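The lines below spell out each chain.
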Number of protein chains: 2
Amino acid sequence: MSQNQYSSQLLDNAVGQFAKLPGIGRKTALRLVLHLLRQDASSVEEFAAAIRSVRNDICYCRSCHNISDTDTCEICANPSRNHRQVCVVENIRDIMAVESTHQYHGVYHVLGGVISPMDGIGPDDLNIDSLEAKVAVPDSVDEVILALPTTMEGDTTNYYIYKRIAKYGIPVTTIARGIAVGDELEYADEVTLGRSLLNRIPFDKTLNS
Amino acid sequence: MSQNQYSSQLLDNAVGQFAKLPGIGRKTALRLVLHLLRQDASSVEEFAAAIRSVRNDICYCRSCHNISDTDTCEICANPSRNHRQVCVVENIRDIMAVESTHQYHGVYHVLGGVISPMDGIGPDDLNIDSLEAKVAVPDSVDEVILALPTTMEGDTTNYYIYKRIAKYGIPVTTIARGIAVGDELEYADEVTLGRSLLNRIPFDKTLNS
């Protein structure tokens, strides 16, 4: 029995499968598998079934590429949302983050990533064609809000999308970068503080939020 | 769509299942599920199958309760191990820890836990009867080594096992408690340092290790 092998091939196999997940090493994987071994057979069965069905049966919304159980996601199917305002996000976790602010009532468009030559991700790997098709329909969209990560890759993607859709003459905005609410200025990095000075806003505009 | 619900029931279900695992919250669970969604259907199928089969098909060694693919684990089935020396451990992870030292060539006995009234775990919930049965066979065991956690619960269990098997007259030892190799004395806690003074060993005994 070597240090990395267990007394059971089945155990070794299950640990190896868990260890493939991001952020889970072999020690944590072993802990998870031993936990499952202590559970009822029926609840482990449910766990395995949930994993299989989420992979095999899930759909992506035809319009915004959000994860959905049906062809059109709940947000796109909701008539009380503003379908003329499109918020472009990297992935579905960002939809949840924006939704949790309760500040946005438009619809979304999930890119499925950002342009990152280092990781071999180019514009063709992202849902940009379908975004362009959406804004190309005359009188369909009032505003495109770019809510991508404030990283080099996010900025590149913002710029690329802007160049692609500028010709349709629709206002394109991006989320504000600045000092996070509750932060001290002395701990802010210079780039963020510099940007927040450049993009300063009239004080009376802040009084309502 | 509330803050804790996703746009898909299937996703919600899978995230809920992952979040039941120890040390995994809903945010991490979501990250893991989204990772699985990006994998091939076949590798997700393998993952689900590994989970099901580890729960349904795994055996426990008849002799030492170690996890095994067969009735008798590799260690108990190995004729070159010393079957007259039994190391009592809490769980199978501890077997791996002791094995990785390459210092022990006897066999094991897995208790499956330690006595912990706070968690409702009493002696009857542990594999203590089978340990007693093992040492009760005349001239079968030379030494029982207690390698339980050095906690209150571990100490209680050590004492309970000692009382149960003392009548068979077999030497019972416990792993040494003391300053960890590489540690500074000034950072050691008083209890450990006190014990390491009480249980001091002749210097010449340390020269071979």
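The model shown is predicted, which means the values in this text are computed figures rather than measured ones.

### Points about the sheet that holds strand 3 (residues 82–89) of chain B
All names here are of chain B.
Part 1 of the reasoning: Spatially, four strands are ordered 4-3-5-6 in an open sheet, and the strand pairing comes out parallel. A strand with exactly one partner marks an edge of an open sheet, and here the two such strands are strand 4 (106–110) and strand 6 (172–174). Going across the sheet, the axis of each strand differs from the next one's by a mean of 30°, ignoring polarity.
Part 2 of the reasoning: Direction of pairing for strand 5 (residues 143–146) relative to strand 6: parallel, over a ladder of three bridges.

### Thoughts on the pairing of strand 5 of chain B
Residues and elements named next belong to chain B.
Part 1 of the reasoning: Here four bridges tie strand 3 to strand 5, and the two strands are oriented parallel to one another. When the bridges of strand 5 are listed, V86 appears paired with V144.
Part 2 of the reasoning: Note on the crossover from strand 5 through helix 6 (residues 152–165) to strand 6: the handedness is right-handed.

### Some words on the relation of the copies chain B and chain A
Part 1 of the reasoning: Turning chain B through 180° and shifting it by 0.0 Å along the axis lays it on chain A, with an RMSD of 0.1 Å. The transformation relating the two chain copies, once decomposed into turn and shift, fits a two-fold axis. Within chain B, the C-alpha atom positioned nearest to the axis of rotation is that of A48 of chain B, 2.3 Å from it.
Part 2 of the reasoning: Comparing contact sets, 100% of the residues at the interface of chain B also lie at the interface in chain A, consistent with an isologous, same-surface contact.

### Examining the packing of aromatic side chains
Part 1 of the reasoning: If you walk through the whole model with that rule in mind, you get six aromatic pairs over all chains.
Part 2 of the reasoning: Geometrically, the ring pair formed by F18 of chain A and F47 of chain B is edge-to-face, given 5.1 Å between the ring centres and 70° between the ring planes. One end of the pair, F18 of chain A, is in helix 1 (residues 9–19); the other, F47 of chain B, is in helix 3 (residues 41–57), on a second chain. This pair shows no difference in class: F18 of chain A is buried, exactly as F47 of chain B is.
Part 3 of the reasoning: Taken together, F18 and F47 of chain A together with F18 and F47 of chain B form an aromatic cluster joined through their ring pairs.

### A closer look at the environment of A180 of chain A
Part 1 of the reasoning: Residue placement: A180 of chain A occurs in the loop between strand 6 (172–174) and helix 8 (190–198).
Part 2 of the reasoning: Along the chain, A180 of chain A and T192 of chain A lie twelve residues apart, while their C-alpha atoms are 9.6 Å from each other.

### Topic: the confidence of the model for chain A
Predicted coordinates in areas of low pLDDT are best not read in detail.
Part 1 of the reasoning: Mean pLDDT for chain A: 89, with 97% of residues reaching 70 or above.
Part 2 of the reasoning: Predicted complex metrics record ipTM = 0.75 and pTM = 0.73.

### Focus: the packing of helix 3 (residues 41–57) of chain A against helix 2 (residues 26–37) of chain B
Part 1 of the reasoning: Where helix 3 of chain A contacts helix 2 of chain B, the axes come no closer than 9 Å and their chain directions differ by 50°. By the angle between their directions, the pair helix 3 of chain A and helix 2 of chain B is classed as oblique. Read as a crossing pair, helix 3 of chain A and helix 2 of chain B show a hand that is right-handed. Taken together, the residues of helix 2 of chain B that come into contact with helix 3 of chain A (itself represented by I51, V54 and R55 of chain A) are V33, L36 and L37 of chain B.

### Some details on the interface of chain B and chain A
One frequently used descriptor of interface size is the decrease in accessible area upon assembly of the parts.
Part 1 of the reasoning: Listed as interface residues are 55 residues of chain B and, on the opposing side, 55 residues of chain A.
Part 2 of the reasoning: Buried surface at the junction of chain B and chain A, summed over both partners, amounts to about 5400 Å²; 68% is from carbon and sulfur atoms.
Part 3 of the reasoning: Where chain B packs against chain A, one counts two salt bridges.
Part 4 of the reasoning: With a closest N to O distance of 2.6 Å, E45 of chain B and R52 of chain A form a salt bridge.
Part 5 of the reasoning: On inspection of chain B and its partner chain A, the count reaches eight residue pairs in polar contact (both at pLDDT 80 or more).
Part 6 of the reasoning: Among the secondary structure elements, those contributing two or more residues to the side of chain B that touches chain A are helix 1 (9–19), helix 2, helix 3, strand 2 (67–68) and helix 4 (92–99) of chain B.
Part 7 of the reasoning: When residues of the side of chain B that touches chain A are assigned to their parent elements, the largest contribution, 15 residues, is made by helix 3 of chain B.
Part 8 of the reasoning: Grouping the constituent residues of the side of chain B that touches chain A by class yields 29 nonpolar, 14 polar and twelve charged.

### As for the pattern of salt bridges
Part 1 of the reasoning: Tallying each qualifying case throughout the model produces 22 salt bridges over all chains.
Part 2 of the reasoning: The shortest N-O distance in the salt bridge between R164 of chain B and D129 of chain B comes to 2.7 Å. Of the two residues, R164 of chain B sits in helix 6 while D129 of chain B sits in helix 5 (residues 129–136), which places them 35 residues apart along the sequence.
Part 3 of the reasoning: Residue D129 of chain B is classed as exposed on the basis of its relative accessible area, which comes to 55%.
Part 4 of the reasoning: The closest approach of N and O atoms between R177 of chain B and D155 of chain B, which form a salt bridge, is 3.1 Å. With R177 of chain B in the loop between strand 6 and helix 7 (190–198) and D155 of chain B in helix 6, this pair connects stretches of sequence that are 22 residues apart.
Part 5 of the reasoning: Overall, D155 of chain B belongs to the partly exposed group, its relative accessible area being 28%.
Part 6 of the reasoning: Because the salt bridges share partners, they merge into one network encompassing D129, E132, R164 and K167 of chain A.

### Examining the sheet that holds strand 3 (residues 82–89) of chain A
All names here are of chain A.
Part 1 of the reasoning: Sheet architecture is open: four strands sit in the order 4-3-5-6, paired in parallel fashion. Single-partner strands in this sheet number two, and they are strand 4 (106–110) and strand 6. In this sheet, neighbouring strand axes are inclined to one another by 30° on average, regardless of whether the strands run parallel or antiparallel.
Part 2 of the reasoning: Of the strands in this sheet, strand 3, strand 4 and strand 5 (143–146) are in contact with helix 6 (residues 129–136), which crosses strand 4 at around 145°.

Reading guide: rules and limits
- Residues numbered from 1 in each chain as written.
- Chains lettered and ligands numbered in written order.
- Predicted model: local features only at pLDDT ≥ 70, side-chain atom pairs only at ≥ 80, totals over all residues.
- Heavy atoms only, no water.
- Pairing = 2+ DSSP bridges.
- Helix = DSSP H or I, 4+ residues; strand = E, 2+ residues; numbered from the N terminus.
- Axes fitted to C-alpha atoms, helices over the stretch in contact; angles between N-to-C directions.
- Right-handed = clockwise from strand over helix to strand, strands pointing away.
- Least-squares fit on C-alpha atoms with pLDDT ≥ 70 in both.
- Contact = heavy atoms within 4.5 Å.
- Phe/Tyr/Trp six-rings, centres within 6.5 Å; stacked < 30°, edge-to-face > 60°.
- Buried < 20%, exposed > 50% of the residue type's maximum accessible area, 1.4 Å probe, protein only.
- pLDDT = per-residue confidence, 0-100.
- Parallel < 35°, antiparallel > 145°, perpendicular 65-115°, else oblique.
- Left-handed = near helix turned anticlockwise from the far one by under 90°.
- Buried area = accessible area lost by both parts, 1.4 Å probe.
- Salt bridge = Lys/Arg side-chain N within 4 Å of Asp/Glu carboxyl O.
- Polar contact = N/O pair within 3.5 Å; in protein donor to acceptor, adjacent residues only side chain to side chain.
- Nonpolar A, V, L, I, M, F, W, Y, C, P; charged D, E, K, R; others polar.

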